[in-house]
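# Topology and contacts: notes
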Amino acid sequence: MYTEKNDYENPLITVVTVCFNSGKTIEKTLISVLNQTYSNYEYLVIDGASTDNTLEVLEKYQEKFCGKLRVISEKDKGIYDAMNKGIKNSTGKIIGILNSDDYYSDNTLELVAQKYAETQHEYVVINGDMERVSEKDELIYRYHFTENQIKNKEYFGHPSMFAAKAVYDRIGLYNQEYKLAADGEWQYRVHEDEDVKYVLCSEVFSHMREGGASDNPKYAKQWFKERVKMKLEYNKGGKFSIYKQECFAAVKTCIKAVMPKKLQSLLYDCVYSKKSK
């Protein structure tokens, strides 16, 4: 489909936040969107019928968004059902998914809009760096994504990913058969389509708080099953190699749960410095 050059300038960006009983964390998420240096956005919050004070916090900020914030509160079938609902209700050219305990840098949307205008490509996925932070917002380590990861068709940090709505229209929504890893499976689908272009930005887009399902040892078994399933489906290696990788990942999750944050940061810096060479 032909797209006029001017269609890439000053794009409407949709930010989607899904939440359920997020009253303790969502305020910082809201403020990070409110503080954006780029103003052409809409903000959709998909709430799963929270029973805490989440809706009160949202109501508190409603007027401050001057009509840009829309809240849908109803029961859903899980996090990816809620994300899909947000994507379906979006009207923006580009969509970012911001979890209710994470937050953006102040210039994230401005950087995304610039990359979109520079790229001039209808089917584009834009990824920035991502910082892992503690519950007190202390930096643990920074994920820096590289061109080699694109070449190797690896998946990227979902909280720092923005995809053109045209990509969702082309590739489809999140597969709800996956309860924890649907965003990874979706990115594998994207990598299979040669018309989709990945663009990287070395600036920090998002700050991801620890404490989510990926950090919790009780979900390690489910993570193992889903990651093995999708890697086998998309031919990411031999069966033994994949099982070995995911066994190591599950053990690592359990170790991280009891490891001091400073040690995590040190080990990540050592591993990453070797990968970057």
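Here goes a summary of the coordinates provided. As the structure is a computational prediction, the values presented were derived from the model and not from experiment.

So, on to the packing of helix α1 (residues 26–34) against helix α2 (residues 54–62). In the contact formed by α1 and α2, the axes pass within 10 Å of each other and the chain directions differ by 25°. It follows that α1 is roughly parallel to α2 by the angle criterion. In this structure, α1 meets α2 at a crossing whose hand is right-handed. On the side of α1, the interface is formed by Ile-26, Glu-27, Leu-30, Ile-31 and Leu-34, while α2 contributes Thr-54, Val-57, Leu-58, Lys-60 and Tyr-61. Across the contact of α1 with α2, the residue classes tally to seven nonpolar, one polar and two charged.

Counted under the stated rule, the structure contains 13 aromatic pairs. Centroid distance Tyr-141 to Tyr-143: 5.2 Å. Interplanar angle 80°. Geometry classified as edge-to-face. In this structure Tyr-141 comes out as buried when scored by relative accessible area, which is 7%. Arranged with centres 5.3 Å apart and planes meeting at 65°, the rings of Phe-145 and Phe-156 form a pair that is edge-to-face.

Right, let's get into the pairing of strand β9 (residues 197–209). Among the 13 residues of β9, 10 are classified as buried, and the element is accordingly described as predominantly covered. Two strands pair when backbone bridges link them, and strand β5 (residues 103–104) and β9 are joined in this way by two bridges, in the antiparallel orientation. The residue of β9 that forms the bridge with Tyr-104 is Ser-206. Inspection of the sheet shows strand β6 (residues 124–133) paired to β9 by nine bridges, in the parallel sense. Paired with Ile-126 across the strands is Val-199, a residue of β9.

Among the structural elements, Gln-36 can be located in the loop between α1 and β2 (41–47). Looking at Gln-36, its side chain comes within polar contact range of the main-chain nitrogen of Thr-108, at 3.3 Å. Beyond its immediate chain neighbours, meaning those up to four positions away, Gln-36 contacts Tyr-104, Ser-105, Asp-106, Asn-107, Thr-108 and Leu-109.

Let us now look at the environment of Glu-27. Inspection of the secondary structure puts Glu-27 in helix α1. Owing to a relative accessible area of 28%, Glu-27 belongs among the partly exposed residues under this scheme. C-alpha separation for the pair Glu-27 and Tyr-61, spaced 34 residues apart in sequence, amounts to 8.6 Å. Discounting residues that sit within four places of it in the chain, Glu-27 has contacts with Val-57, Lys-60 and Tyr-61. One polar contact links Glu-27 to Tyr-61, side chain to side chain, over a distance of 2.5 Å.

Now for the pattern of salt bridges. Within the structure shown, the criterion is met by 10 salt bridges. The shortest N-O distance in the salt bridge between Arg-189 and Glu-185 comes to 3.0 Å. Placement of both Arg-189 and Glu-185 in helix α7 (residues 182–191) is noted, with a separation of four residues, approximately one turn of the helix. Glu-185 matches Arg-189 in its accessibility class, with the two residues each being buried. Here the salt bridges do not stand alone but share partners, grouping Lys-28, Asp-137 and Arg-209 into one network.

What follows deals with unusual backbone geometry. Even without glycine at this site, Cys-66 takes up a positive phi of about 50°. Looking at the element boundaries, Cys-66 is found in the loop between α2 and β3 (69–73). One non-glycine residue, Asn-235, lies in the positive phi region at around 55°. Note that Asn-235 resides in the loop between α8 (220–233) and α9 (239–256).

Scoring rules and cut-offs
Residues numbered from 1 in each chain as written. Predicted model: local features only at pLDDT ≥ 70, side-chain atom pairs only at ≥ 80, totals over all residues. Heavy atoms only, no water. Axes fitted to C-alpha atoms, helices over the stretch in contact; angles between N-to-C directions. Helix = DSSP H or I, 4+ residues; strand = E, 2+ residues; numbered from the N terminus. Parallel < 35°, antiparallel > 145°, perpendicular 65-115°, else oblique. Left-handed = near helix turned anticlockwise from the far one by under 90°. Contact = heavy atoms within 4.5 Å. Nonpolar A, V, L, I, M, F, W, Y, C, P; charged D, E, K, R; others polar. Phe/Tyr/Trp six-rings, centres within 6.5 Å; stacked < 30°, edge-to-face > 60°. Buried < 20%, exposed > 50% of the residue type's maximum accessible area, 1.4 Å probe, protein only. Pairing = 2+ DSSP bridges. Polar contact = N/O pair within 3.5 Å; in protein donor to acceptor, adjacent residues only side chain to side chain. Salt bridge = Lys/Arg side-chain N within 4 Å of Asp/Glu carboxyl O.

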